[in-house]
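For reference, the chains in residue letters:
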Amino acid sequence: MKRIYTVSQAREADVRTSQLHKIPGLVLMERAALSVSDYIEDKYAKRTRILCLAGTGNNGGDAMALCRILFVRGFDVSYCLLGPESRLSESAKIQYQSLLSYGLSSLAVEETDFKSFDLIVDGIFGIGLSRDIQHPLAELIGEVNASGRPVIAMDIPSGLNADTGAVMGACIRASETFSFQFLKPGILLGQGRSVCGQVHLPEIGIDAIETGATLPVCLALEREDLDGFLTDRDATGNKGSFGKVLVVAGSEEICGAAVLSSQAALLSGAGMVRVYTHEKNRTVIGTAFPEALITTYGNSWSKDEIKEAMDWADSILIGPGIGRSDQAREMLDFVLSDPALPAVIDADALNLLSEEPNSLLKPHGKWILTPHMGEMARLTGKGISWLKEHALEAAETFARDYQVDLILKDATTVTALPCGRTYLNSSGNSGMATAGSGDVLAGLCAGYLAQKINPEEVAAYAVFIHGMAGDLAAAKKGKGAMIAGDILEALPQITRDGGAIVAV
Ligand SMILES: NC(=O)C1=CN([C@@H]2O[C@H](COP(=O)(O)OP(=O)(O)OC[C@H]3O[C@@H](n4cnc5c(N)ncnc54)[C@H](O)[C@@H]3O)[C@@H](O)[C@H]2O)[C@@H](O)CC1
Ligand SMILES: Nc1ncnc2c1ncn2[C@@H]1O[C@H](COP(=O)(O)OP(=O)(O)O)[C@@H](O)[C@H]1O
Ligand SMILES: [K+]
């Protein structure tokens, strides 16, 4: 599991480490620069022409320290200081003076042709970026990007908001980013994934800030974490003991969502799945998915029937394809009146809830909500562009206010838990933006809930596994041609024997 620190948390960790262990900031800067120089030495020949672009803050200090180390190691390296000496931070000034002592003075940036270098290091701005980048640095960044040269970003590509992933005026497009020790939210959110390139997280000796399990922290799951989640299947279990899922999905007009979500629930390892749907769907679901138990309703649904199914189930999924009719609203109200049954609330159920969000405030147990940005906009009354820039804050606030697990689906899905912990998902790809992909995720959540696998964090794991399956599907079919059924088909490769993970 990787920690993700906001700008203020990264600064806190930095200060804490310096104070507690009496390690000056310059030492951390040296370690940061060493981690990048070791990498460059491994990957590039000594004759590589390298240009380090240094701003006047500590990010520039990192770049100048790197320039010195590479010079001492025999590389053909130069640098441009992008600002007056008078604005250098304390540590950056020391790095600059050190370079001068080696006889290395800054190139004049207006006379520098970026294309004449083989590799460019971006140390213009790090996490200290506080406003939009303007003339002339914005143009300079445009020229670096247009040069077509590989760029290594120190800490974060200059111009990327480290908290939100928004581009602030202009942004370096890096081929690789060395984020010092901890990920930043902006690397995964917003434009982060498209401008960071390959991300490295070198250890530079900074202590983590959390001192107890109660502190809010943002995390990214990794493949290794699944070993603890998908434990071996109980050899003595039976279909009743592996969890029973009730899927309330589909309507007179829509059928596919019920098939995809209930298949995902069964593929998660649950013992039984029962679909409660409109009678028109019986034949299709029964044919496409003979393993499902099916209960249907006609013009009117039956409280007794659904109650009996809820009593039978260990978890319920409600929403995919149920529509927004009065009938759907009544069923949703009834289902949510049982606080004891762990529930996944998806798709149309979310749209119905957005008409009356306060119904989420009534007492309840485990509820997982899975809105995409459009559904979240309806639920919160906020615009989609605002939500995209404030995804972390929006998800965390919602989870806390309504005491639900909130899966805010997007290219990087944010999963916020009411305890204050948040996960940013690093698996998955744009091929997953295909109809029915969300139904698969909702089914997976309900399936794991029924099995009572790590209920507290189940939402984050389901998202991660869903993304991994999407990556396998993309590898097999291509991002353009993959469909939701391919994500389903890939699931067993991840959960082979309910435990071992097959490399993606
Ligand atoms: N754990 C840590 O936090 C460590 C941090 N280090 C480096 O230090 C960096 C942070 O250093 P700083 O706080 O000095 O911040 P930066 O080096 O990111 O830059 C801050 C400076 O840029 C100015 N500025 C901000 N936005 C601007 C804009 N749009 N146009 C023009 N000027 C602008 C600020 O006023 C400030 O003077 C990190 O990103 C990292 O690279 C490393 O040295 C090692 C350890
Ligand atoms: N560009 C992307 N990169 C990674 N995952 C994506 C991307 N676009 C969409 N997804 C994922 O695909 C799923 C789409 O779900 P959703 O919008 O509910 O689709 P549907 O309603 O058609 O089932 C979500 O899990 C989302 O996170
Ligand atoms: K940078």
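Residues numbered from 1 in each chain as written. Chains lettered and ligands numbered in written order. Predicted model: local features only at pLDDT ≥ 70, side-chain atom pairs only at ≥ 80, totals over all residues. Heavy atoms only, no water.

You'll find the chain entered in an unreviewed UniProt entry as Bifunctional NAD(P)H-hydrate repair enzyme, with Shuttleworthella satelles DSM 14600 given as the organism. Comment text from UniProt for the chain, heading Subunit (unreviewed entry), reads "Homotetramer." (UniProt positions renumbered as here; feature names shortened; annotations may be inferred.)

Q: Would you mind showing me how to read the site of ligand 2 here?
A: The full set close to ligand 2 counts 17 residues, and Lys409, Asp410, Thr413, Gly436 and Gly438 are the nearest of them. Lys409 places a polar side-chain atom, nitrogen or oxygen, 2.6 Å from an oxygen atom of ligand 2. Here a nitrogen atom of ligand 2 sits 3.2 Å away from a polar atom, N or O, in the main chain of Asn429. Within the complex, 77% of the 580 Å² of free accessible area of ligand 2 lies under protein. At three residues, the largest contribution of residues to the shell around ligand 2 is made by helix H17 (residues 437-450). (Near = heavy atom within 4 Å. Polar contact = N/O pair within 3.5 Å; in protein donor to acceptor, adjacent residues only side chain to side chain. Areas by Shrake-Rupley, 256 points an atom, 1.4 Å probe, with all protein chains shown as cover. Helix = DSSP H or I, 4+ residues; strand = E, 2+ residues; numbered from the N terminus.)

Q: Where do I start with the environment of Ile254 in this structure?
A: Note that Ile254 resides in the loop between strand E9 (244-248) and helix H9 (256-267). Along the primary structure Ile254 and Leu189 are separated by 65 residues, whereas in three dimensions their C-alpha atoms are 33 Å apart. When residues no more than four places from it in sequence are discounted, the contact partners of Ile254 are Asn281 and Gly321. (Contact = heavy atoms within 4.5 Å.)

Q: Can you help me understand the sheet that holds E9 in this one?
A: Strand pairing in a sheet takes place through backbone hydrogen bonds and is either antiparallel or parallel in direction. Ordered by their spatial adjacency, eleven strands build an open sheet running E1-E8-E17-E16-E15-E14-E13-E12-E9-E10-E11, and the pairing between neighbours is mixed. Strand pairing shows two members of the sheet lacking a second neighbour, strand E1 (2-4) and strand E11 (293-297), which therefore form its edges. Strand-to-strand twist of the sheet, defined as the mean angle between neighbouring strand axes without regard to direction, takes the value 20°. Bridge analysis of E9 against strand E10 (residues 272-278) gives five bridges, and the strand direction is parallel. Paired with Leu246 across the bridge in E10 is Arg274. (Pairing = 2+ DSSP bridges. Axes fitted to C-alpha atoms, helices over the stretch in contact; angles between N-to-C directions.)

Q: Looking at this structure, how should I read helix H4 (residues 90-101)?
A: Since one α-helical turn is 3.6 residues long, residues separated by three or four positions face the same way. With twelve residues, H4 ought to run about 16 Å at 1.5 Å a step, and its terminal C-alpha atoms sit 17 Å apart, in line with that. Next to the buried residues of H4 lie helix H2 (25-43), helix H3 (58-72) and strand E3 (76-81). (Expected span 1.5 Å × (residues − 1).)

Q: Would you mind showing me how to read the environment of Ile209 here?
A: Structurally, Ile209 can be placed in the loop between strand E7 (198-200) and strand E8 (218-220). When the C-alpha positions of Ile209 and Arg11 are compared, they lie 10.0 Å apart, and in sequence the two are 198 residues distant.

Q: I keep staring at the coordination of the potassium ion (ligand 3) and nothing clicks. Help me out?
A: In an ideal tetrahedron of four donors about a metal, each angle is 109.5 degrees. In an ideal octahedron of six donors, the angles are 90 or 180 degrees. Around the potassium ion (ligand 3), the protein contributes the donor atoms Asn59 (OD1), Asp122 (O), Phe125 (O), Met154 (O), Ile156 (O) and Ser158 (OG), which lie 2.6 to 3.2 Å from the metal centre. Angles of 64 to 174° at the metal separate the six donor atoms of the potassium ion (ligand 3), which places the site in the irregular class. Here the donor residues of the potassium ion (ligand 3) share one chain and are spaced in sequence as N-x62-D-x2-F-x28-M-x1-I-x1-S. Separated by 97 residues along the polypeptide, Asn59 in helix H3 and Ile156 in the loop between strand E5 (151-154) and strand E6 (176-178) bring together distant segments of the chain. (Donors = N, O, S within 2.8 Å, 3.2 Å for Na, K, Ca; no water. Tetrahedral: all angles 85-135°; square planar, octahedral: opposite > 155°, others 65-115°.)

Q: What am I meant to see in the site of ligand 1 here?
A: If you check the shell around ligand 1, you find 20 residues, and the closest are Asn59, Asp62, Gly126, Arg131 and Asp155. A distance of 3.3 Å is found between an oxygen atom of ligand 1 and a side-chain nitrogen or oxygen belonging to Asp14. Considered on its own, ligand 1 offers 870 Å² of accessible surface; in the complex 82% of this is hidden by protein. Of all the secondary-structure elements, those providing two or more residues to the shell around ligand 1 are helix H1 (7-21), H2 and H3. Here the shell around ligand 1 gets three residues from one element, more than from any other, and that element is H3.

Q: Is there a simple way to think about H9 in this case?
A: Between its terminal C-alpha atoms H9 stretches 16 Å, which fits the 16 Å expected from twelve residues at 1.5 Å a residue. Here H9 has its buried residues at Ala257, Ala258, Val259, Leu260, Ser261, Ser262, Ala264 and Ala265. The elements touched by buried residues of H9 are E9, E10, helix H10 (282-288), strand E12 (315-318), H17 and helix H19 (484-494). Gly269 sits one or two residues past H9 and shows a positive phi near 115°. (Buried < 20%, exposed > 50% of the residue type's maximum accessible area, 1.4 Å probe, protein only.)

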